[in-house]
Amino acid sequence: MKYLKFLLVGIFFGIVLVKSEAVSWYRIYEMFRFQSFHMYGIIGTAIACGILFLQMSKKGIIKNIRGANILVPEKEKGFSRYIIGGVLFGFGWALIGACPGPMYILLGTGVYSMIIVIAAALLGTFIYGILKDKLPH
Amino acid sequence: MEHILAPWPWYISGPLIALVMSLLLYLGKTFGMSSNLRTMCSMMGAGKAANFFKFNWKEQKWNLIVVLGAVIGGFIATQYLSDSSTTDLNPKTVAELQHMGFKNSGIELVPDEIYSLEAFTTPKGLLLLIIGGFLVGFGTRYAGGCTSGHAITGLSSLQKPSLIAVIGFFVGGLIMTNFILPLIF
């Protein structure tokens, strides 16, 4: 089954985010109040290790499963979309304490009202798709 | 085993999140959770309403499987890999939240005041969940990524657009937590 490896990565991701408390609404609140180092430590070490991994793959030390170079898709150039979209995302993130990964993970931990949040996030994505050409990017 | 059952420290958790990103890149994919929202819209036929959703969503099936795994992972972590520890929050945070009407901070992963059955059956509670979810869904697609795509993958690959987006995430989060939440609660 070719999808099994993705299922296992997803399970591992879910476990890590619960055990690290990164899915905790309270940890997000605490982070935006600058009252704890915990979340900054997680994000900081994740980025540091990520940089290390990507520099090693850039030098050809690590290849992907097919033996080819590891490629990270380049984000389009721009400013407005990143700052406006980013701020709107930040409002939602701090309000409900969950970004798209934790939404699904919290559902698994038994927070069933997350279904409403996910449905609303789908609606938000849909409305963006409709308005896309009218928005500054 | 004790160490696994207790909450994991940040210096273990951060590198493990980088490992998730690395595994997905190794498998020839990328780490981006919010893309699944677009994929699910396409699956439900949103391509009829906007070109943005006209793409071969079946190529994104692997990412939906990651989502399914994440749900299972959340279940496993709480059912089998947790002891009775609570979140070790700053006492100042707990006191502040208490003052805003949040009882039992850190006992569960999310506050009852927002997520319990009683909360979401009130108009205010339901509205909060809908507005929050909507902003996350709209904002993440507008910004072209979320915490996994921009903050972890984008910053790890030293991309300027991701830095702008992450600054946006924090500006929005700081305004919400420090100025808007106290007005709501």
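Preceding this paragraph is the structure being described.
Residues numbered from 1 in each chain as written. Chains lettered and ligands numbered in written order. Predicted model: local features only at pLDDT ≥ 70, side-chain atom pairs only at ≥ 80, totals over all residues.

1. A few points about the overall build of chain B
Argument step 1. Secondary structure summary: chain B contains 10 helices and 0 strands in total.
Argument step 2. Based on the C-alpha atoms only, the size of chain B along its principal axes is roughly 50 × 45 × 35 Å.
Argument step 3. With 185 residues in all, chain B has 49% of them scored as buried.
Argument step 4. Residue pairs at least 24 apart in sequence account for 46% of intrachain contacts in chain B once pairs closer than 6 positions are excluded. (Helix = DSSP H or I, 4+ residues; strand = E, 2+ residues; numbered from the N terminus. Buried ≥ 20, exposed ≤ 12 C-beta atoms within 10 Å, placed from the backbone. Contact = placed C-beta atoms within 7 Å.)

2. Looking at the overall build of chain A
Argument step 1. When helices and strands are counted, chain A shows 6 helices and 0 strands.
Argument step 2. Here the C-alpha coordinates of chain A stretch approximately 40 × 40 × 40 Å along the principal axes.
Argument step 3. Scored against the burial criterion, the 137 residues of chain A give a buried share of 56%.
Argument step 4. Taking as baseline every contact in chain A between residues at least 6 positions apart, the subset at least 24 positions apart corresponds to 43%.

3. Considering the interface of chain B and chain A
Argument step 1. Listed per partner, the contact involves 104 residues of chain B and 100 residues of chain A.
Argument step 2. Here the residues of the side of chain B that touches chain A are counted per class, giving 67 nonpolar, 34 polar and 3 charged. (Nonpolar A, V, L, I, M, F, W, Y, C, P; charged D, E, K, R; others polar.)

4. Considerations on the environment of Leu-24 of chain B
Argument step 1. Checked against the element boundaries, Leu-24 of chain B lands in helix α2 (residues 10–26).
Argument step 2. Overall, the presence of 23 C-beta atoms within 10 Å leaves Leu-24 of chain B in the buried class.
Argument step 3. In this structure the C-alpha to C-alpha distance between Leu-24 of chain B and Val-66 of chain B, which are 42 residues apart in sequence, comes to 9.7 Å.
Argument step 4. Non-local contacts of Leu-24 of chain B, meaning those with residues more than four positions away in its chain, are made with Val-9 of chain A together with Lys-29, Thr-30 and Phe-31 of chain B.

5. Here we look at the nonpolar core
Argument step 1. Counting residues in hydrophobic clusters, the biggest one holds 94 residues, and the most contacted among them are Met-103, Leu-106, Val-117 and Ala-121 of chain A together with Ile-17 and Val-20 of chain B.
Argument step 2. The element contributing the most residues to this core is helix α4 (residues 80–96) of chain A, with 9 residues.
Argument step 3. Apart from the residues lying within four places of it in its own chain, the contact partners of Leu-106 of chain A are Val-23, Ala-98, Val-111 and Met-114 of chain A together with Gly-74, Leu-109 and Val-110 of chain B. (Core = buried A, V, L, I, M, F, W, Y, C linked by C-beta atoms within 7 Å.)

6. Concerning the environment of Leu-81 of chain B
Argument step 1. Here Leu-81 of chain B shows up in the loop between α4 (61–80) and α5 (91–99).
Argument step 2. In this structure the C-alpha to C-alpha distance between Leu-81 of chain B and Leu-129 of chain B, which are 48 residues apart in sequence, comes to 28 Å.
Argument step 3. Those residues in contact with Leu-81 of chain B that sit more than four places away from it in its chain are Ile-15 and Lys-19 of chain A together with Ile-4, Leu-5 and Ile-76 of chain B.

7. Details of α4 of chain B
Argument step 1. The terminal C-alpha atoms of α4 of chain B, which comprises 20 residues, lie 28 Å apart, in line with the 28 Å expected from a rise of 1.5 Å per residue.
Argument step 2. What α4 of chain B keeps buried is the set Asn-63, Ile-65, Val-66, Val-67, Gly-69, Ala-70, Val-71, Gly-73, Gly-74, Ala-77 and Thr-78 of chain B.
Argument step 3. Residues of α4 of chain B that are buried make contact with α1 (4–19) and α5 (100–109) of chain A together with α3 (35–43) of chain B. (Expected span 1.5 Å × (residues − 1).)

Geometric descriptors of this kind do not, in isolation, establish any biological role.
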